[in-house]
Structures are given as structure tokens and as C-alpha cells.
Amino acid sequence: MNRTTLSLIAGTTALAAVTGFAVLSAPDASGGDTAVEAAAQLPVERTSLLCPRPSSSDIAETAYTSFTPVTKGASGKGGAQLVSAGEEPADSGGKGKKAKPVLEPKEPGKPATGSTDGGDAPALIGTAEGRFAPGWTVQETTEVAAGTGRGLLGVNCTAPDTQFWFPGVSTAAGRTDYVHLTNPDDAAAVVDIELYGKDGELKSTVGEGITVRPRSTEPVLLSTLTTEKQADLTIHVSVRSGRVGAAVQALDGKQGGDWLAAAADPAATAVLPGIPEDATSVQLIAFTPGDTDADLKLRLASPSGTITPAGSETLHVKAGMTATADLGAITRGEAGSLLLSPTDESIPVVAALRVVRGKGADQETAFIPATRPVGKRATVADNRAKGTTLALTAPGRTAKVKVTASAGGSAGEPTTKTFTIKAGTTQNVEFPAPAGLKGPYALTVEPLTDTPVYASRTLESKVDAIPAFTIQTLPDDRGTVAVPQAREDVAVLQD
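Residues numbered from 1 in each chain as written. Predicted model: local features only at pLDDT ≥ 70, side-chain atom pairs only at ≥ 80, totals over all residues. Heavy atoms only, no water.

I'm lost on unusual backbone geometry in this one. Help?
With a phi close to 60 degrees, Asp382 is a non-glycine residue in the positive phi region. Looking at the element boundaries, Asp382 is found in strand E30 (residues 378-383). (Helix = DSSP H or I, 4+ residues; strand = E, 2+ residues; numbered from the N terminus.)

So this is what it looks like as C-alpha cells:
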């Protein structure tokens, strides 16, 4: 008797290519009839991004810039759009209120822009499909001229997930920190928020079981979760059911404010790239979620090599407690990136930097979380003809990196240059704006050598006399998914 069975590999391959979330490893077929070859990297076909509510200020001005790099092998069809949370895309089949897109890109390789003004601007939910999905990035940039948190606030809109770490938040007087939770799905999400200070976890019951309604956003004021007032905290956002996007808006009454993006997952080593050369104050905040203390070695990757900052050679991080190190003006007029590594035993940590520029009443703040490497490719949108700085770091071996500046949102020609980043250094690369540039452009970073590269972009803008700025890291865009290749999609078994 003959019995024909469909290969499971074909089904899982199709699923991975459609969702863009599955990463599959080729199974061992040494004893079977179906031979499986090494996994191939295929472009994702669908992705989601969530942009938090930009500001509660009536004088806020917010720009959105979307960009998808042209990806070889991507589908020839598709589209992308961002709509207000609480509303459905105009072409959806649901029964909810249909929205006019705030932003709707027309083609990969060219930035698309949108804007909102005032304190009623909503959070946005975005979806990209087909050729618009691989490497899709959206930047939200807000300028606030006065008031708490005045300055330039920027954040990369994030993919939904279930775990987030934020070292560097505060419940102290003078700081107003919100964690923004955005739910893209049609079912409610349930979220827990844990706070950890210098002495361990802070008592809180209202941080448990926070419900985020379907296709909506929930800004949670951190000072309402605990009675304790501490300047340096770490929060852990975990999702019991569903998934959310999460980002922290940290607003200071005297030193401006910015968005704090989630740090990279806990790891024994960390790279925090792109400290501005004119930073007047840099503070490291670190936390270890395990049961064992961590001892970290601190090094600065400068343009000339890796050095140990005097007086801040190491940091002891007690288990379950947040530790800080005041690094002062660590860069001393040169570009720099902070490298963390274990002095002995490898204990996972999360970390971020709080960076201040300016003096006296003209100070502004931004954050640099520990980040993943660029990997195969990373992109940052909303770069300007003036005030854009790209920092590249090669903490291990010398790396060659290709950087592409896209056309502008209205006009301009793409430009590509290759840079060599020496081992253990950080370079602020000089990258001319595209010829004939009109409108914002995107920068795409692609390592050409098999060595880790880390990157961040600083965007500057004058707000009166304040040196307003914001920093975004450039982790791998995860525009492709590993899919096993089977030589046979149908296996024939005989009894």
C-alpha cells in the first residue's frame, strides 16, 4: 500500500515567509527520505510598527518619516500605512471606525513624511506588507519649544513584543516619566510593570495586570505606581497576554527630555554607541535581573582606540538592584561609545546612558540604550541636511561598512560611501547630504566584513539657545527570516 504525506517543511516555510516572525532551523534528515539543505534568508512579507503618542504639549510639532530600503527578492506588490490608534485602516474588513492614514509610503527607497501638531496627536499603528515590509523603519520626531520636556524628542517606532527593559527611568521630583503601551491587536493585552531601584524591587500593586484595550494606547505615569521617589530606576515591562509596543517618555523640568527606547535583552556584554563629543554629563545606569552580582569593566571606544575612563574603571551591580556611575564629560571633545564587559564571571545585565549637553539653563537630555549590532543591515529615517551625525563602532576587529543616503522626501539623488572603522574605535563619519536634497532622507548601514558593528544617529536642532538633540541606535532591521530549503516538498512513504 502506498501512502503520500505532505511535507511539514513546505508548510512551515510558507508560514515563516508570510509572518516574518518565525526563525526556523533545518532539521536533521540524516535518517529520512527528505534531504534538507541549509536555511535561506528570505525577505519578510509583513511587519508591524507602533508609534507612541508624541506629546501632551499644545505647542508640540511632530514629524513622521517612513522608509523601506530596496530589498533583493522582496515581493513586487504590497503597501504600508500608519493610522491612529483606535481606528482601522481604510482598506480593512473590520467594522470599526475607518481612518485616513497619517502616513502612506508610495515606494521603497524613497522617504515618505507626515505630521501632526498639538497635544491631541494620537499614537499610531502601522502595517507594511510585500515589498514595503523588509527593513521598514519609521521615525517620530517632536519639537517642543517650551515647558517640561522642551527640546527635541525622537524615537524609532517599534515592533510589538512581550518583554521590555528600561534602565534610566525616574520617579523623582522634577522628572515626569510615562511608559507608553500600545496594543495593535483586536484583543486586549494585559501588562505587568516592575520597578527596581538602588535597594531592589519597589513595592507596587497597581503595576500588575494593566489592561491595554484593543488597538489603543495607555500612557502610565511611573510615579503613580509607587510612593518611593528615586532618580535612577529600571523598569521591566512584561506582557501576560497579547503583545504591545513600549517606550518611555522621560521629561525633565530643567534639562528637557527625550524618549528612552528599550535596551537590548540582558547580556554579559553591552555596547552603547554614539556619545556626543560635546556631552557635558554622561551617566550609566545598569541592572542585573538574575540572582548573582555583576562586576563590569568600563571602556570607551574613541576615534584613536579603546581607553579606560579614569576613576570609572569598573561598576559593581548587585543582583536585582539598579547601579549607576557618573562618567562626567567622558568623551572630552571626541566621539565615543561605552563598552561593558564582565571583569570575571559573565552575568547578564541591561544598561543605558543618560546624556546631557549644554550648561546652566540651556541643557538638554537624551538617552542611549545598550543595543544589538547592525547585523546585516540597519536604517534610520528623518535625517536632515544639517544636524545629522552617524556614529559607527567596531568594538572587536576592524570593519568595513557601506553607508547609503537615500533620496530626499521631495528630491535628491541617493549616495553610497564605504568606511573603514578600526578595531576598538568609534568614528563620527562625515557623510554629505544627497545632491539636490529636499526633505528628510534615510541612512542605511550595511557591514561588508564579518565583524560586529554598532551604530547610532544624533539629530540636532536649535530651540532658542538650547542645544536640542535626540539619539537613536541602529540595530539589525530583521528584514529577512531564515527558512529551511527542502529538496522534496512531498515525501512518499511505503508500508
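Could you clarify how one ought to interpret the side chain of Thr171 in this entry?
Among the secondary structure elements, Thr171 is positioned in the loop between strand E12 (163-169) and strand E13 (175-183). Since its relative accessible area comes to 2%, Thr171 is described here as buried. For Thr171, the side chain forms a polar contact with the main-chain oxygen of Glu228, separated by 2.9 Å. Once residues within four sequence positions are removed from consideration, Thr171 is found in contact with Leu195, Leu222, Ser223, Thr226, Glu228, Lys229, Gln230 and Leu233. (Buried < 20%, exposed > 50% of the residue type's maximum accessible area, 1.4 Å probe, protein only. Polar contact = N/O pair within 3.5 Å; in protein donor to acceptor, adjacent residues only side chain to side chain. Contact = heavy atoms within 4.5 Å.)

Even after reading the chapter, I still don't get the nonpolar core, so can you show me in this structure?
Nonpolar side chains in soluble globular proteins generally cluster together in the buried interior. Grouped together as the largest cluster of nonpolar side chains are 29 residues, with contacts concentrated most on Leu272, Ile275, Leu284, Leu327, Leu338, Leu340 and Leu353. With four residues, strand E23 (residues 294-302) is the single largest residue contributor to this core. Residues in contact with Leu272, not counting those within four places in the same chain, are Ser337, Leu338, Leu340, Ala351, Ala352, Leu353, Ile368, Pro369 and Ala370. If you look at the next biggest cluster of nonpolar residues, it comprises 26 residues, including Leu195, Val212, Val220 and Ala246. (Core = buried A, V, L, I, M, F, W, Y, C linked by side-chain atoms within 4.5 Å.)

Quick question: what am I supposed to make of the sheet that holds E30 here?
Adjacent strands of a sheet form backbone hydrogen bonds with each other and so pair up, either parallel or antiparallel. Ordered by their spatial adjacency, four strands build an open sheet running E30-E35-E32-E33, and the pairing between neighbours is antiparallel. Only two strands of the sheet have a single partner each, and these edge strands are E30 and strand E33 (415-421). This sheet shows a mean twist of 20 degrees between the axes of neighbouring strands, independent of strand direction. Pairing of strand E32 (residues 399-405) with E33 involves seven bridges; the strand directions are antiparallel. Counted as the bridge partner of Val403 is Lys417 from E33. (Pairing = 2+ DSSP bridges. Axes fitted to C-alpha atoms, helices over the stretch in contact; angles between N-to-C directions.)

Would you mind showing me how to read the confidence of the model for the protein chain here?
Do not read the predicted coordinates in detail wherever pLDDT is low. Across the protein chain, the average pLDDT comes to 88, with 88% of residues at 70 or higher. In the model, residues 1-36 has pLDDT below 50 throughout and makes 64 contacts with residues more than four positions away in sequence or in other chains. Taken together, the stretch residues 487-495 has pLDDT below 50 and engages in 25 contacts with residues farther than four places along the chain or on a different chain. (pLDDT = per-residue confidence, 0-100.)

Just to check I follow, could you spell out the sheet that holds strand E26 (residues 322-328) for this structure?
The strand order across the open sheet built from four strands is E26-E22-E28-E29, with neighbouring strands paired in antiparallel fashion. Edge strands, defined here as strands with exactly one partner in the open sheet, are E26 and strand E29 (362-369). Between one strand axis and the next, the sheet turns through 20 degrees on average, direction left out of account. Where strand E22 (residues 281-287) meets strand E28 (residues 350-359), seven bridges bridge the pair, whose relative direction is antiparallel. What sits directly across from Phe287, in E28, is Val350.

Quick question: what am I supposed to make of a negative patch on the surface here?
On the surface, a cluster of negative charge is made up of Asp293, Asp295, Asp344 and Glu345. You can see Glu345 is positioned in the loop between strand E27 (336-342) and E28. (Patch = residues over 30% accessible without salt bridge, like charges linked within 9 Å, V, L, I, M, F, W, Y side chains within 5 Å. Areas by Shrake-Rupley, 256 points an atom, 1.4 Å probe, with all protein chains shown as cover. Salt bridge = Lys/Arg side-chain N within 4 Å of Asp/Glu carboxyl O. Lys, Arg positive; Asp, Glu negative; His and termini not counted. Charge placed at Lys NZ, Arg CZ, Asp CG, Glu CD.)

Is there a simple way to think about the packing of aromatic side chains in this case?
Aromatic rings considered in pairs are described by the distance between their centres and by the relative angle of their planes. Under the criterion given, the structure shown has three aromatic pairs. With a centroid separation of 4.7 Å and 35 degrees between ring planes, the pair formed by Tyr196 and Phe287 is classed as tilted. With Tyr196 in strand E14 (residues 189-197) and Phe287 in strand E22, this residue pair connects regions lying 91 residues apart in the sequence. You can call Tyr196 buried: its relative accessible area is 12%. Through a chain of ring-to-ring contacts, the aromatic side chains of Trp165, Tyr196 and Phe287 assemble into a single cluster. (Phe/Tyr/Trp six-rings, centres within 6.5 Å; stacked < 30°, edge-to-face > 60°.)

Looking at this model, I keep getting lost on the state of the cysteines. Mind explaining?
A disulfide bridge is the covalent bond that connects two cysteines by way of their sulfur atoms. For the structure on display, the rule yields one disulfide. Covalent S-S linkage joins Cys51 and Cys157, the inter-sulfur distance amounting to 2.0 Å. Taking the torsion about the S-S bond as the criterion, the Cys51 to Cys157 disulfide, at about 110 degrees, is right-handed. Of the two residues, Cys51 sits in strand E3 (residues 46-51) while Cys157 sits in the loop between strand E11 (151-156) and E12, which places them 106 residues apart along the sequence. Each of the two residues, Cys51 as well as Cys157, counts as buried. (Disulfide = S-S within 2.5 Å.)

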